[in-house]
Amino acid sequence: MFTEFAKAGMAHVHAAPLNGDAHLSVISRDDFTEAYDEITSWQGYAPTPLYHLSDLAGALGLQDIIYKDEGPRFGLGSFKALGGAYAGLLVLARELSARLGKDVDPNDIRAGLYRDDVARITLVSATDGNHGRSLAWGAQNFGAACQIYIHRDVSEGRAQAMRDLGAEVTRVDGDYDASVDQVRRDADANGWFVVSDTSWEGYTQPPRDVMAGYGVMAVEITEKLDKPPTHIFVQGGVGGLAAAMAAGLRQYWGKETPRVVVVEPELAACLFASARQGALTNVAIGEETLMAGLSCGEPSPLAWKVLREEAQDFLTIPESLVAPAMRLAGRPVGSDPSIRAGESAIAGFAAVIAAASQAKLREDLGLGPQAKVLVIGSEGATDPEIYNRLMEI
Ligand SMILES: Cc1ncc(COP(=O)(O)O)c(C=O)c1O
């Protein structure tokens, strides 16, 4: 049943985690709490589903596979809805506080009390789709202007979704990292405010806020589970999602926290390369991966600070697993629920199935009958055209 998965070429680095306090210091308990209180007060907030894929787990000889489905998040299709919009709101609050010489409350911005001042501020970011959609949505809700930069391979469907939310979208002739560079230059030249999900030297506050926003998922998960899972398989682009989950779950579960396994496409494995080198390492993106949200060659230094202490394993998966994993999510085993999972959502899910189907990885990763594996289904069908094409067989 899992033939493609059993024969998939996977690379694995086991990294002995470092003993440190990055899980508390990079995103503090207060950062997570403030983000949770703010985001859960927004209109349309609802926890996303957490499914137990018991029949799939049984077929793989595992105790449980627990799938957090971020497809329904705020009607935007991915977990990124939690990050960019929230970080954008805090950028507006800080800038207005500085301009007006008083503390401006984000609630009052949302309520429209500073409408004219907000309308004069432009928020900008690079994106491969989902982060930009979140920022565009936030800017539209709060009344700010929004500029979004995409790279040459972002699908037109994803670009249009951001235009539909009022953003001006500029396509850069280069990869994701080139679009980040262009944003930095144009923001300086135009007085725009960068709301990035990745950090760089001297630029850490919005990416920290983005990760704090992602922490909403960790709270929702801990509220639904009595006991910690044994593993979390979580996909990495720049590492923000994985770092937020690792820190948030560790703050809650302490030493009982699940073993953190970071999964990347082999075509964009910058966190894997960093783990192998034992230091932050960039990789060049040659061919673009189908997993568009994970196509990043440069880790976020802030995220890496957490992952080098909290992640025990780094895996890469080949492109050949994307469509089979999406189909398995959509047309599940036995009576498991059917899940509409996008190309970037299934990296962790695909890696669990493949690792559990390969004797050496199964052993190295401790995937036995006691294993309860949490995976983060980080997006739904965010580009329906691509989704439908990949689901066809
Ligand atoms: C659907 C999806 N999953 C995972 C990721 C990876 O998140 P990060 O770049 O924070 O590692 C992204 C990033 O855009 C994404 O869109």
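Below you will find a few notes about this structure. (Residues numbered from 1 in each chain as written. Predicted model: local features only at pLDDT ≥ 70, side-chain atom pairs only at ≥ 80, totals over all residues. Heavy atoms only, no water.)

1. Remarks on the sheet that holds strand S2 (residues 50-52)
Using the following cut-off: Two strands are said to pair when DSSP picks up at least two bridges between them. Strands here are runs of E lasting at least two residues and helices are runs of H or I lasting at least four, both read from the DSSP assignment and numbered beginning at the N terminus. Axis definition: a line fit to C-alpha positions, over the contact stretch in the case of helices; interaxial angles, taken between N-to-C directions, run 0 to 180 degrees. Contact between two residues is taken to exist if any of their heavy atoms lie within 4.5 Å; hydrogens are not considered.
Spatially, 7 strands are ordered S1-S10-S9-S8-S11-S3-S2 in an open sheet, and the strand pairing comes out mixed. Of all the strands in the sheet, the pair left with one neighbour each is strand S1 (11-14) and S2. Along the sheet, successive strands turn relative to each other by an average axial angle of 20 degrees, direction set aside. Here 4 bridges tie S1 to strand S10 (residues 311-317), and the two strands are oriented antiparallel to one another. Bridging from a neighbouring strand, Val13 pairs with Phe314 of S10. In the packing of helix H14 (residues 301-310) onto the sheet, the strands contacted are strand S9 (259-265) and S10, and the crossing angle to S10 comes to about 105 degrees.

2. Describing the pairing of strand S4 (residues 122-127)
Cut-off, in case you're wondering: Each residue is assigned to one of three classes by its accessible area relative to the maximum for its type, calculated with a 1.4 Å probe on protein chains only: buried under 20%, partly exposed between the two thresholds, exposed over 50%. A clockwise course of the path from the first strand over the helix to the second, judged with the strands pointing away from the viewer, identifies a crossover as right-handed.
With 6 of 6 residues buried, S4 is to be regarded as a mostly interior element. Going residue by residue along S4, you find Thr122, Val124 and Ala126 tucked away on one face and Leu123, Ser125 and Thr127 tucked away on the opposite face as well. Note that S4 and strand S5 (residues 145-150) share 6 bridges and pair parallel. Within S5, the position partnered with Val124 by the bridge is Gln147. Note on the crossover from S4 through helix H8 (residues 130-142) to S5: the handedness is right-handed. Direction of pairing for S4 relative to strand S7 (residues 193-194): parallel, over a ladder of 2 bridges. Note that in S7 the partner of Val124 across the bridge is Val194.

3. Considering the site of the ligand
Keep this limit in mind: Near, as used in this document, describes a residue that has one of its heavy atoms within 4 Å of the molecule or strand being considered. For the purposes of these results, a polar contact is taken to be a pair of N or O atoms within 3.5 Å, where, inside protein, one atom must be able to donate a hydrogen and its partner to accept one; residues adjacent in sequence count only when each atom of the pair is a side-chain atom. Note that accessible areas follow from Shrake-Rupley with a 1.4 Å probe, and for residues the cover is restricted to the protein chains shown. Whether a set of points on the 1 Å grid over the protein atoms alone is a cavity depends on a 1.4 Å probe fitting there but being unable to get out, while an open set qualifies as a pocket with protein on both sides within 12 Å along at least five of seven lines; lining residues are those with an atom within 4 Å of a point. For a molecule to be placed in a cavity or pocket, more than half of its atoms must lie within 2 Å of the grid points of that cavity or pocket. Asp, Glu, Lys and Arg are counted as charged, while Ala, Val, Leu, Ile, Met, Phe, Trp, Tyr, Cys and Pro are counted as nonpolar; the rest, among them Gly, fall into the polar class.
For the ligand, the set of nearby residues contains 16 residues, the closest of which are Asn130, Gly237, Gly239, Leu241 and Ser378. With respect to the ligand, the side chain of Asp128 contributes an N or O atom lying 3.4 Å from an oxygen atom. Contact with the protein chains removes 99% of the 390 Å² of surface that the ligand exposes when unbound. A majority-of-atoms criterion places the ligand in the largest cavity. When grouped by side-chain class, the residues that make up the shell around the ligand number 4 nonpolar, 9 polar and 3 charged.

4. Details of the sheet that holds S4
Read from one edge to the other, the open sheet built from 4 strands follows the order S6-S5-S4-S7, with strand pairing classed as parallel. Bordering the open sheet on either side are strand S6 (168-171) and S7, each of which pairs with just one other strand.

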